[in-house]
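Structural overview
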Amino acid sequence: MTMRPIRIIGDPVLRTECEPVTSFDAELRALVADLMDTLLGAPGRAGVAAPQIGVSAQVFVYDADGHRGHLINPTLELSDELQDDEEGCLSIPGLYFPTRRALHATAHGVDQHGEPLTIEGSGFLARALQHETDHLRGTLYVDTLRGDIRRRALREIRAGRFDSPSRPR
């Protein structure tokens, strides 16, 4: 398949809630393969959601804490216990901010064949499941930031202080 370019903040597809997947066909399997190729095509990537490659579909792939796979039409159950850690996003390259997330997450959805799938994770895997599910809702991690950290993040984004591959430095 193909490694696809990542859409960067400012692209409307990143701010639009994705459509649920209803057809489990060859086109969906090709999308999952392209997402996985895009994820694994560069080091340091933990997940890629369909809108990040310009597709408005509730699909993401992940590779975190030794777990790799995909999930379609996800819903999340989150613990009340929280974690704070640096988080970044391929769609806002080079910027990382402390981001509060649930420590444990259980994601329910289906696989590319429409079969039920549940993924349980803690720590980094839980963070990745939440981050990628947010993408499908049109939410970026910087939207979850609060206070001074949020103000700093928005200032740096407005100033173009992220490493966009399409923008000359």
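Structure shown above.
Only a predicted model underlies this, so the values are computations on that prediction, with no experimental measurement involved.

Points about the side chain of Q52
In this fold, Q52 is placed in the loop between β1 (47-49) and β2 (59-64). Those residues in contact with Q52, other than ones at most four positions away along the chain, are P5, I6, R7, L14, G47, C89, L90, S91, E132 and H135.

Quick word on the nonpolar core
Counting 16 residues, the largest nonpolar core has L28, L31, L35, V48 and V59 as its most contacted members. Elements supplying a minimum of two residues to this core: α1 (26-40) and β2. Tallying contributions element by element places α1 first for this core, with 6 residues. What V59 contacts, discounting residues up to four positions off in sequence, is V21, L28, L31, V32, L35, A49, A50, L71, I72 and L136.

With respect to unusual backbone geometry
Comment: phi is negative for the bulk of residues other than glycine, and the bulk of peptide bonds are trans. For D65, which is not glycine, the phi torsion reads 50° and is therefore positive. With respect to the element layout, D65 can be found in the loop between β2 and β3 (67-78). Phi is positive for N73, close to 50°, though the residue is something other than glycine.

About the cut-offs
Residues numbered from 1 in each chain as written. Predicted model: local features only at pLDDT ≥ 70, side-chain atom pairs only at ≥ 80, totals over all residues. Heavy atoms only, no water. Helix = DSSP H or I, 4+ residues; strand = E, 2+ residues; numbered from the N terminus. Contact = heavy atoms within 4.5 Å. Core = buried A, V, L, I, M, F, W, Y, C linked by side-chain atoms within 4.5 Å. Buried < 20%, exposed > 50% of the residue type's maximum accessible area, 1.4 Å probe, protein only.

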